[in-house]
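Fold and geometry: a report
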Amino acid sequence: MIVRVLVLGGDGYLGWPTALHFAAAGHEVAVVDNYLRRRYDDELGTASLVPISPLSIRIGCWREVSGTVIDCFIGDITDPEFLTNTLQWFKPQTIIHLAEQRSAPYSMVDRAHAVHTQVNNVVGTLNLLWAIAEVDSTIHLIKLGTMGEYGTPDIDIEEGWLHVTHRGRSDTLPFPKQPGSFYHLSKVHDSHNIMFCCRAWGLRATDLNQGVVYGCDTPQTQQDPALATRFDYDATFGTVLNRFVVQAVAGHALTVYGSGGQTRGFLNILDTMSCLELAAEHPAEPGEFRVFNQFTETFSVLGLAERVAQRSGVAVDHLPNPRVELEHHHYRAINTGLLDLGLRPHPLTDTVIDELLAAADRHRGLIDADTILPETQWRPRRLASPSGSP
Ligand code: NAD
Ligand code: USQ
């Protein structure tokens, strides 16, 4: 069945290949973006390793290679009028919401960055919930959350819900959340707001608690260099495995923070595409707040570094950890929901690591080694006392 899909954040790392993936599958697709991510690069002095084209060039290129049109709405989803008009105009049946500030280190830079992250993310999602309720409450909202909402509890992580017996009574309640940054906290706030709107207004939503994504090539992005998606490796926006492969290509020792026992869920960008497609093909019921844990494998940071080191010959370094996080902890999370819908994961084989290294190597001349080491500390710096104060 052909669906009208609106991709919020459609100029981003995951949003652009998502738009292409759904367009290639024959759906009617529009993207929304305000170029915020490109402005963070200007602020930080960073750039995607893989050169990316302006959104208008991307869309024009896709029209040429595929003969199909991706509609485009440039605007900020924290602007309620823009968002409501976009929904009224495009009339989506499914909205995939990826339009958030998504870096944990960026959210921890200072007070202003923490406030920006939570305002952008929480207000954007809140506007979206109101717009859906007021324009068409049958729209299926697919929202990108994060595995980091749960933190690292000393029990197995369930898929959204925990069955609890307390003082002789039982209920199924949201799994406790212990996020590790103001960014991850913004996702928890979003989840609560979405769950409330499903319960109170009968909206239908799927919250995808996604793990760390790696890779940047999909069948569509590979059709033309102008269709490439971004590949970040700097200390603020680069995610750990993408960073390690670029560091290896640059001959830089791999930057394991602390002991490296931190364990997380991971998935290939190809599996992100499949998960979004499966969620769209099997929408939540009206009034349902559905949660999937979206990752395919778990690795420790040190384990990943050792595998990249083994394939590339670079050294592994242990830096003082700039974050506040457990470095030795239990980690077992359930992820059967998407597998039950038919997900066939792409595991991280040595061949995949070699492909990631080769992809980074194609652009090795663009690596800026000055952006590799982390600068943001999780603990705020103390202000100097005003002169004359005790
Ligand atoms: P990204 O920063 O590359 O893309 C986000 C896009 O949203 C950008 O193009 C940005 O300009 C746009 N955007 C942000 N705020 C906006 C606003 N107010 N109005 C309009 N557009 C706005 O991030 P990504 O890596 O593609 O991540 C997409 C989503 O997936 C995010 O919600 C992120 O939290 C989630 N996620 C990402 C990962 C990962 O490893 N990349 C893992 C888990 C979850
Ligand atoms: N790490 C290192 N060395 C590095 C970079 C990171 O040891 O050079 C460690 C971090 O300390 C952390 C782990 O690797 O323990 C993951 O860090 P990351 O930067 O790859 O991931 P994170 O900050 O959690 O954020 C990323 C995305 C975010 C998404 C999240 C999914 O930026 O949008 O929500 O992954 S999850 O981790 O499941 O919450």
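Given the structure is predicted, the values throughout are model-derived calculations rather than measurements.

Here the focus is the pairing of strand β5 (residues 140-146). With respect to burial, β5 is a largely interior element, seven of its seven residues being buried. Residues His140, Ile142, Leu144 and Thr146 line one face of β5 and the alternating positions Leu141, Lys143 and Gly145 line the opposite face, and both faces are buried. Strand direction decides the pairing type here: strand β4 (residues 94-97) and β5, joined by four bridges, are parallel. Paired with Ile96 across the strands is Ile142, a residue of β5. Where β5 lies against strand β8 (residues 204-210), seven bridges are found, and the strand directions are parallel. Bridging from a neighbouring strand, Gly145 pairs with Asn209 of β8.

Moving on: the nonpolar core. In terms of nonpolar packing, the biggest core is built from 89 residues, with Val7, Leu8, Ala19, Phe244 and Val245 touching the most fellow members. Broken down by element, the residue count for this core peaks at seven residues, all from helix α8 (residues 240-250). With near-sequence residues (within four places) excluded, Leu8 lies in contact with Val32, Ile77, Ile95, Ile96, His97, Leu98 and Ala99. Formed by eight residues, the second largest nonpolar core is a distinct cluster that contains Ala104, Tyr106, Phe182 and Tyr183.

Around ligand 2 lies a shell of 21 residues, among which Thr146, Met147, Gly148, Val240 and Tyr257 are the nearest. The set of elements that each furnish at least two residues to the shell around ligand 2 consists of α8, β10 (254-257) and β11 (263-268). When residues of the shell around ligand 2 are assigned to their parent elements, the largest contribution, three residues, is made by β10. By residue class, the composition of the shell around ligand 2 is seven nonpolar, nine polar and five charged.

Okay, the site of ligand 1 next. Neighbouring ligand 1 are 28 residues; Gly9, Gly12, Tyr13, Leu14 and Arg102 lie closest to it. Within the residue set of the shell around ligand 1, elements represented by two or more residues are β2 (28-33), α2 (36-44), α6 (111-135), β5 and β9 (212-214). Split into classes, the residues belonging to the shell around ligand 1 amount to 11 nonpolar, 10 polar and seven charged.

All right, on to the packing of helix α1 (residues 15-24) against helix α9 (residues 269-281) then. The geometry of α1 relative to α9 is characterised by a closest axis approach of 10 Å and an angle of 55° between their N-to-C directions. In terms of their interaxial angle, α1 and α9 are classed as oblique. The hand of the α1/α9 crossing is right-handed. In contact with Pro17, Thr18 and His21 of α1, α9 contributes Ile269, Met273, Leu276 and Glu277. In terms of residue class, the contact of α1 with α9 is made up of four nonpolar, two polar and one charged.

Before going further, it helps to spend a moment on helix α7 (residues 182-201). Because each turn of an α-helix spans 3.6 residues, side chains separated by three or four positions in sequence point in the same direction. With 20 residues, α7 should cover 28 Å at 1.5 Å per step; its first-to-last C-alpha distance of 28 Å lies within 8% of that length. Among all positions of α7, only Phe182, Tyr183, His184, Leu185, Ser186, Lys187, Val188, Asp190, Ser191, Ile194, Cys197 and Cys198 are buried. Among the structural elements, α5 (104-107), α6, β5, β8 and β12 (289-294) are those in contact with the buried residues of α7.

Moving on, we get to the sheet that holds β5. If you trace the seven strands from one edge of the open sheet to the other, you get β3-β2-β1-β4-β5-β8-β12, paired in parallel fashion. Strands at the two margins of the open sheet, each flanked by one partner only, are β3 (71-74) and β12. Neighbouring strand axes in the sheet, compared pairwise and without regard to direction, differ in orientation by 20° on average. Two strands pair when backbone bridges link them, and strand β1 (residues 4-8) and β4 are joined in this way by four bridges, in the parallel orientation. For Leu6, the partnering residue across the bridge sits in β4 and is Ile95. Most of the contacts of α7 go to β5, to which it runs at about 155°, and overall it touches β5, β8 and β12. Sitting on the sheet, α9 touches β1, β4, β5, β8 and β12, and the angle it makes with β8 is about 160°.

It is worth spelling out the UniProt feature "domain: NAD-dependent epimerase/dehydratase" (unreviewed entry) in the protein chain at this point. The positions UniProt marks with the feature "domain: NAD-dependent epimerase/dehydratase" (unreviewed entry) are residues 5-293. Annotation note: span residues 5-293, helix share 40%, strand share 21%, distance between end C-alpha atoms 22 Å.

About the thresholds
- Residues numbered from 1 in each chain as written.
- Chains lettered and ligands numbered in written order.
- Predicted model: local features only at pLDDT ≥ 70, side-chain atom pairs only at ≥ 80, totals over all residues.
- Buried ≥ 20, exposed ≤ 12 C-beta atoms within 10 Å, placed from the backbone.
- Helix = DSSP H or I, 4+ residues; strand = E, 2+ residues; numbered from the N terminus.
- Pairing = 2+ DSSP bridges.
- Core = buried A, V, L, I, M, F, W, Y, C linked by C-beta atoms within 7 Å.
- Contact = placed C-beta atoms within 7 Å.
- Near = placed C-beta within 6 Å.
- Nonpolar A, V, L, I, M, F, W, Y, C, P; charged D, E, K, R; others polar.
- Axes fitted to C-alpha atoms, helices over the stretch in contact; angles between N-to-C directions.
- Parallel < 35°, antiparallel > 145°, perpendicular 65-115°, else oblique.
- Left-handed = near helix turned anticlockwise from the far one by under 90°.
- Expected span 1.5 Å × (residues − 1).
- UniProt positions renumbered as here; feature names shortened; annotations may be inferred.

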